[in-house]
Amino acid sequence: MNCLVIVDVQNDFCPGGALPVQEGDRVVPVINRLLDRFDRVVATQDWHPPGHLSFAANHPGRTPGEVIQLAGLEQVLWPVHCVQDTPGAEFHPDLDLSRIQAVFRKGVDPEVDSYSGFFDNGRRRSTGLEEYLRREGVEEVYIGGLATDYCVRWTALDAVRLGFRTWVIEDACRGVELRPGDTAAALAEMAQTGVQIIHSNDLCRDPCF
Ligand code: VGL
Ligand code: ZN
């Protein structure tokens, strides 16, 4: 069994959002066209309370992009984004939700960030994604979404670590590029760790698009 994990395709990560990823919206048609190819499709959703400590605004005098220590971990400070029950936290309006069987919300604990779709950054709490994949008999995980250099990267590295055969669909992802080169570096690191980096065309038997 295989499963597509759609990572954080939410308004705040798309152009016009609070933490925009360049061309973030361009992943939507790529993902929509691929949905039929998978046995299971799930999504992750960044889902922060307003008081989340990854927000620079919750640290007086700090600005987005600075790095602090949070619960013993290095934490990049971000603009306020993906606040629970706000339009910015909703999935992109063009994302086809009809085949998404489960949604795993993350970043709910104000004290710790959660880039991976599987665990918070301290690996203290599971989102339930691993348990879902095991229950469904999934052994092959395909990943697309936002952002390549943060949540896609962490999700893919955890998937490999957990023993899933793991693919990242490069053109179904875009990076934040806080520093230029972060996206390329993340792809190289994932490849080195055992993630197979592919193009959406590789998933088509025929020249379908
Ligand atoms: C993400 C930064 C903060 C992501 C989430 O989805 O890649 N990045 N929260
Ligand atoms: Zn976040």
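Residues numbered from 1 in each chain as written. Chains lettered and ligands numbered in written order. Predicted model: local features only at pLDDT ≥ 70, side-chain atom pairs only at ≥ 80, totals over all residues. Heavy atoms only, no water.

S.K.: What is the right way to look at the side chain of Ser 54 in this model?
M.R.: Structurally, the position occupied by Ser 54 is in the loop between strand E2 (40–46) and strand E3 (67–70). For Ser 54, a relative accessible area of 0% translates into the label buried. Polar side-chain contacts of Ser 54 include one of 2.9 Å to the side chain of His 52. Dropping the residues within four chain positions of it, Ser 54 is found in contact with His 48, Leu 70, Gln 75, Val 76, Leu 77, Trp 78, His 81 and Asp 113. (Helix = DSSP H or I, 4+ residues; strand = E, 2+ residues; numbered from the N terminus. Buried < 20%, exposed > 50% of the residue type's maximum accessible area, 1.4 Å probe, protein only. Polar contact = N/O pair within 3.5 Å; in protein donor to acceptor, adjacent residues only side chain to side chain. Contact = heavy atoms within 4.5 Å.)

S.K.: What is the right way to look at the sheet that holds strand E1 (residues 2–7) in this model?
M.R.: In sheet architecture, strand pairing relies on hydrogen bonds along the backbone and comes in two forms, parallel and antiparallel. Read across the sheet, six strands follow the order E5-E2-E1-E6-E7-E8 without closing on themselves; strand pairing throughout is parallel. Both edges of this open sheet fall to strand E5 (102–106) and strand E8 (196–198), since each of them pairs with a single strand only. This sheet shows a mean twist of 25° between the axes of neighbouring strands, independent of strand direction. Judged from the three bridges that link them, strand E7 (residues 165–174) and E8 form a sheet pairing that is parallel. (Pairing = 2+ DSSP bridges. Axes fitted to C-alpha atoms, helices over the stretch in contact; angles between N-to-C directions.)

S.K.: What's the story with the pattern of salt bridges in this structure? I'm lost.
M.R.: Opposite charge on two side chains makes pairing possible when the charged atoms of those side chains draw close. For the structure shown, the criterion picks out 12 salt bridges. Arg 174 is the salt-bridge partner of Glu 23, the closest N and O atoms lying 3.0 Å from each other. Here Glu 23, found in the loop between E1 and helix H1 (27–34), pairs with Arg 174, found in strand E7; they are 151 residues apart in sequence, far enough to count as distant. Ionic pairing is found between Glu 140 and Arg 165, a salt bridge with its closest N-O pair at 3.0 Å. Placement of Glu 140 in strand E6 (residues 140–146) and of Arg 165 in strand E7 is noted, with a sequence separation of 25 residues between them. Taking the relative accessible area as the measure of exposure, Glu 140 reaches 23% and is therefore partly exposed. Because the salt bridges share partners, they merge into one network encompassing Asp 8, Asp 46 and Lys 106. (Salt bridge = Lys/Arg side-chain N within 4 Å of Asp/Glu carboxyl O.)

S.K.: Hey, could you run me through the pairing of strand E4 (residues 73–76) in this one?
M.R.: Every other side chain in a regular strand lies on the same face of the sheet, so the side chains alternate between the two faces. Sheet analysis places E3 next to E4, joined by four bridges and oriented antiparallel. Counterpart to Ile 68 in the pairing with E4 is Gln 75.

S.K.: Quick question: what am I supposed to make of the site of ligand 1 here?
M.R.: Close to ligand 1 lie Asp 8, Phe 13, Leu 19, Asp 46, Trp 78, His 81, Tyr 115, Leu 146, Ala 147, Tyr 150 and Cys 151. Between ligand 1 and the protein, one listed contact pairs a nitrogen atom with a side-chain N or O atom of His 81 at 3.1 Å. Taking Leu 146, its main chain carries an N or O atom lying 3.4 Å from an oxygen atom of ligand 1. Relative to its unbound accessible area of 260 Å², ligand 1 is 100% covered by the protein chains. For the shell around ligand 1, the class distribution of residues is eight nonpolar, one polar and two charged. (Near = heavy atom within 4 Å. Areas by Shrake-Rupley, 256 points an atom, 1.4 Å probe, with all protein chains shown as cover. Nonpolar A, V, L, I, M, F, W, Y, C, P; charged D, E, K, R; others polar.)

S.K.: Even after reading the chapter, I still don't get the environment of Gln 101, so can you show me in this structure?
M.R.: With respect to the element layout, Gln 101 can be found in the loop between E4 and E5. When the C-alpha positions of Gln 101 and Asn 121 are compared, they lie 25 Å apart, and in sequence the two are 20 residues distant. Filtering out sequence-adjacent residues up to four positions away, Gln 101 remains in contact with Asp 39, Arg 40, Val 41 and Tyr 132.

S.K.: Explain the nonpolar core here, please?
M.R.: Most often, soluble globular proteins have nonpolar side chains that are buried together. In terms of nonpolar packing, the biggest core is built from 62 residues, with Leu 4, Ile 6, Ile 31, Leu 133 and Ile 169 touching the most fellow members. Considering each element in turn, this core owes the most residues, six residues, to helix H3 (residues 148–161). In this structure Leu 133 touches Cys 3, Phe 118, Val 138, Val 141 and Phe 164, once residues within four positions along its chain are discounted. (Core = buried A, V, L, I, M, F, W, Y, C linked by side-chain atoms within 4.5 Å.)

S.K.: Please clarify how the coordination of the zinc ion (ligand 2) should be interpreted in this entry.
M.R.: Working reference: metal with six octahedral donors, ideal angles 90 or 180 degrees; metal with four tetrahedral donors, ideal angle 109.5 degrees. Taken together, Asp 46 (OD), His 48 (NE2) and His 81 (NE2) make up the protein donors of the zinc ion (ligand 2), found 2.0 to 2.2 Å from the metal. Around the zinc ion (ligand 2) sit four donor atoms, and with donor-metal-donor angles ranging over 88 to 171° the site reads as irregular. Here the donor residues of the zinc ion (ligand 2) share one chain and are spaced in sequence as D-x1-H-x32-H. Here Asp 46, found in strand E2, pairs with His 81, found in the loop between E4 and E5; they are 35 residues apart in sequence, far enough to count as distant. Comparing Asp 46 with His 81, the two get one shared label, buried. (Donors = N, O, S within 2.8 Å, 3.2 Å for Na, K, Ca; no water. Tetrahedral: all angles 85-135°; square planar, octahedral: opposite > 155°, others 65-115°.)

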